[in-house]
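# Descriptive structure summary
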Amino acid sequence: MIPAEFQKYIRSKEFKDLLAKYQQASLNGEDIFIDEDDLLDIAEYYHVKGNADEAEKVTDYMLRIFPDNTKALVFKARRAVIMGDVDKAEYYSDLITGDEMTDVVYLRAEIMVCREKVKEADNYLEKHYETLPEEDFDGETTSLSIYDEEDEEDDVVTRSDYALDIAMMFCDHGEWELSGKWLNRVKDPELIDIGDYLEIKAILLTAQEKYKEAEPIWNKYIDLDAYSLRAWLQLSQCQFHTGQSQEAIQSAEYAIAIAPDVPETYIVKGNSLFSLGDNEGALECFKKLLELCPNDIQGELLISSVLFTMERYEEGYEHIVTAISLMEDADFNDIPEIAQSEIYKQAAYLCTAMGKKDEALQYADKILLSGLNEEKSKLLKAGIYLENRQTAPAFEILSEVLKDSNHDPKMYITIGCMLVDSGLMETGYEMLTQTYNILDKNDIDCNFGYERLAYAALVIGKYDDFLSALEKSISFNPTETVSIFSSLFPENMPISEYLEYAKTHEIKDNRYSKDA
């Protein structure tokens with residue numbers, strides 16, 4: 001994670017003048033005296049911009065002028081960590097004597113994390129935390145503290161400073177619980193609700209899928225730094241997952257304006273367009289993704305999904321075959337199981353749509369042969385039979401799945417959703433309604449499937465049940481709700497207005513009127 005203040009600093013005139021001075025001297029082959037901290041800023045700038053050679057050149061120059069400079073060695077070690085070369089990072093770390101400088105403490109702890117010694121790293125950091133001064137409520141220190149050894153004028157490193165840096169480090173490595181623990185130790189009001197603190201807090205909430213809580217924090221962070229690519233991207237993700245597809249598109253477009261060649265921006269924009277039924281717009285985004293990342297498995301899958309919705313099955317099948325080829329050529333351990341299953345599932349449904357049931361069933365078998373979830377293989381087979389209106393073999397398989405799950409209510413909901421998706425509205429409605437009633441009577445929470453119940457109730461004419469399910473769907477399943485219902489409401493209407501509109505205007509969708 002790039003500290004917020006540094007992101008702003010490298011856009012300032014002060015830094016641009018400094019950089020120009022260094023670049024001119026470098027171009028002329030001249031040695032000029034630049035403060036070691038300024039040289040580090042230049043090296044960090046080149047690193048952030050992806051110019052590894054120049055970053056190395058600056059730190060090598062710095063070590064030539066300031067031999068054995070701890071800050072330069074720390075920078076080289078940190079770059080090695082980021083590049084995944086932990087051995088090289090450890091080599092540079094070993095050249096540093098002592099750990100009085102807090103950056104050295106951070107570095108050695110991060111190397112432990114990279115070595116999967118997370119608990120050891122946390123204990124090591126706790127030990128150093130105890131040597132730092134306590135703070136009173138005004139953030140003032142009450143005892144001596146660690147100073148950066150090579151710069152006596154550096155600010156005191158307080159417990160809040162230290163905790164914030166450690167929270168950032170653990171956040172960078174996806175250690176959400178530990179990051180949250182250290183973030184909660186930041187007590188200095190001058191650090192809370194600004195820059196790095198806000199960013200870490202928002203990242204943690206987003207990672208925990210607490211999108212509603214994360215959204216206002218990302219907005220607050222953007223007020224401080226309107227050019228943060230990460231903030232716009234993460235805000236867009238939060239808006240997408242809370243059913244605010246229009247807002248998500250706008251945020252993604254800001255991200256694209258900042259960095260037009262970053263693939264993730266086109267994924268979130270494309271997904272948002274797709275949820276609103278703008279298939280052409282989504283297709284354009286996903287094609288741009290493939291342009292930026294040729295042979296990208298996710299890009300091929302996304303394009304295939306859009307083409308399937310557009311009923312361009314043969315084109316969609318070409319893309320999913322490419323995705324399967326790329327996946328089978330890659331290391332399966334690098335591809336999440338859910339992604340592998342989704343790819344085979346997409347291939348199966350495309351074959352089904354093209355009338356190739358036997359090939360579709362073979363893809364369901366591939367899920368099993370690849371060592372993936374047997375339950376998913378069976379559910380996919382049942383779905384294929386349902387799409388072919390062969391309910392007897394489908395129900396036989398679904399009965400097996402229910403038995404294998406010990407009749408888990410969540411499996412009943414999963415199957416009920418499948419029935420709705422296959423057009424068996426009455427049957428799906430009955431299964432979902434009965435299951436939710438049982439869960440309610442036993443005070444068991446369940447937060448998925450309401451969008452399918454709402455749609456089935458709407459189609460079969462049970463409007464009160466539709467309104468009741470829609471209310472829960474908006475609360476629990478906003479993304480799916482927008483995807484299913486956006487075309488039935490006025491264009492650009494926020495999801496927050498769906499329920500009131502449906503209460504005062506009769507919503508209709510007559511694609512299905514009865515079970516097939």
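Residues numbered from 1 in each chain as written. Predicted model: local features only at pLDDT ≥ 70, side-chain atom pairs only at ≥ 80, totals over all residues. Heavy atoms only, no water.

What follows deals with the overall build of the protein chain. A tally of regular secondary structure across the protein chain gives 28 helices and 0 strands. The dimensions of the protein chain, computed from C-alpha atoms along their principal axes, are 80 × 50 × 45 Å. Relative to its 516 residues, the protein chain shows a buried fraction of 49%. For the protein chain, the share of sequence-separated contacts (at least 6 apart) that also reach a separation of at least 24 residues comes to 55%. (Helix = DSSP H or I, 4+ residues; strand = E, 2+ residues; numbered from the N terminus. Buried < 20%, exposed > 50% of the residue type's maximum accessible area, 1.4 Å probe, protein only. Contact = heavy atoms within 4.5 Å.)

On to the pattern of salt bridges, then. Counted according to the given criterion, the structure contains 20 salt bridges. The residue glutamate 253 makes a salt bridge to lysine 269 at a minimum N-O spacing of 3.4 Å. You can see glutamate 253 sitting in helix α14 (residues 245–258) and its partner lysine 269 sitting in helix α15 (residues 263–275), a full 16 residues away along the chain. Given the relative accessible area of 38%, glutamate 253 is considered partly exposed. The salt bridge involving glutamate 328 is made with lysine 366; its shortest N-O contact spans 3.4 Å. With a gap of 38 residues between them, glutamate 328 in helix α18 (residues 313–329) and lysine 366 in helix α20 (residues 357–369) connect regions that are remote in the sequence. On the accessibility criterion, glutamate 328 (37% relative accessible area) is partly exposed. Sharing partners across several salt bridges, the network here consists of Asp122, Glu126, Lys181 and Arg185. (Salt bridge = Lys/Arg side-chain N within 4 Å of Asp/Glu carboxyl O.)

For the rest of this paragraph, the subject is the nonpolar core. With 47 residues, the main nonpolar core has Leu125, Tyr162, Phe170, Trp182, Leu183, Ile200 and Trp218 as its most contacted residues. Contributions of two or more residues to this core are made by α7 (102–114), α8 (118–129), α9 (159–172), α10 (176–183), α11 (195–207), α12 (211–224), α13 (229–241) and α14. Per-element tally for this core: the top contributor is α9, with 9 residues. Counting 36 residues, the second largest nonpolar core, distinct from the first, contains Leu350, Cys351, Leu379 and Leu419. (Core = buried A, V, L, I, M, F, W, Y, C linked by side-chain atoms within 4.5 Å.)

Moving on, we get to the packing of α8 against α9. Helix packing geometry: the angle between the two helix axes and the distance between the axes. Contact geometry for α8 and α9: axes closest at 11 Å, N-to-C directions at 170°. Here α8 is positioned roughly antiparallel relative to α9, judged by the angle of their axes. Only Arg159, Tyr162, Ile166, Met169 and Phe170 of α9 make contact with α8, whose side of the interface consists of Val118, Asp122, Leu125, His128 and Tyr129. Within the contact of α8 with α9, the residues separate by chemical class into 7 nonpolar, 1 polar and 2 charged. (Axes fitted to C-alpha atoms, helices over the stretch in contact; angles between N-to-C directions. Parallel < 35°, antiparallel > 145°, perpendicular 65-115°, else oblique. Nonpolar A, V, L, I, M, F, W, Y, C, P; charged D, E, K, R; others polar.)

One pass over the full model with this rule turns up 0 disulfides. Just so you know, cysteine 285 is unpaired, no disulfide at all, and the nearest cysteine sulfur is the one on cysteine 293, 14 Å from it. (Disulfide = S-S within 2.5 Å.)

Our focus in this paragraph is the packing of aromatic side chains. Applying the stated rule across the entire model yields 17 aromatic pairs. Between the aromatic rings of tyrosine 129 and tryptophan 182, the centroid separation amounts to 5.4 Å while the plane-to-plane angle is 85°, which identifies the pairing as edge-to-face. Pair noted here: tyrosine 129 is in helix α8 and tryptophan 182 is in helix α10, with a separation of 53 residues, a long-range link. Note on tryptophan 182: relative accessible area 0%, which makes it buried. Between tryptophan 218 and tyrosine 221 the ring centres are 6.3 Å apart and the planes differ by 90°, which places this aromatic pair in the edge-to-face class. (Phe/Tyr/Trp six-rings, centres within 6.5 Å; stacked < 30°, edge-to-face > 60°.)

In the predicted model, the protein chain carries a mean pLDDT of 87, and 92% of its residues have values of at least 70. Every residue in residues 139–154 scores below 50 in pLDDT, and together they form 38 contacts with partners more than four places removed in sequence or on other chains. (pLDDT = per-residue confidence, 0-100.)

Our next topic: the environment of glutamate 374. Here glutamate 374 is to be found in helix α21 (residues 374–387). Judged by relative accessible area, glutamate 374 falls into the partly exposed class, the value being 43%. With 55 residues separating them in the primary sequence, glutamate 374 and tyrosine 429 have C-alpha atoms 26 Å apart.

So, on to the side chain of glutamate 199. Note that glutamate 199 resides in helix α11. It is arginine 230 that comes nearest to the buried, bridge-free glutamate 199 among opposite-charge side chains, at 4.3 Å. A polar contact of 3.4 Å, which involves the side chain of glutamate 199, links it to the side chain of tyrosine 221. (Lys, Arg positive; Asp, Glu negative; His and termini not counted. Polar contact = N/O pair within 3.5 Å; in protein donor to acceptor, adjacent residues only side chain to side chain.)

As a further point, take unusual backbone geometry. Residue asparagine 406 is not a glycine yet carries a positive backbone phi of 60°. Along the chain, the position of asparagine 406 falls in the loop between α22 (391–404) and α23 (409–421). Asparagine 406 gets classed as exposed once you look at its relative accessible area, which sits at 67%. You will see that histidine 407, though not glycine, has its phi angle at about 55°, which is positive. Topologically, histidine 407 is positioned in the loop between α22 and α23. When its relative accessible area of 45% is taken as the criterion, histidine 407 is described as partly exposed.

Among the structural elements, serine 304 can be located in helix α17 (residues 297–309). Excluding residues that lie within four positions of it along the chain, serine 304 makes contacts with Gly316, His319, Ile320, Gln346 and Leu350.

All right, on to α14 then. Between its first and last C-alpha atoms α14 spans 20 Å; for 14 residues at 1.5 Å apiece the expected length is 20 Å, and the two agree. Buried within α14 are the following residues: Ser245, Ala248, Ile249, Ser251, Ala252, Ala255 and Ile256. When α14 is viewed along its axis, its buried side chains cluster within an angular range of 165° and face the same direction. (Expected span 1.5 Å × (residues − 1). Arc of directions from axis to C-beta.)

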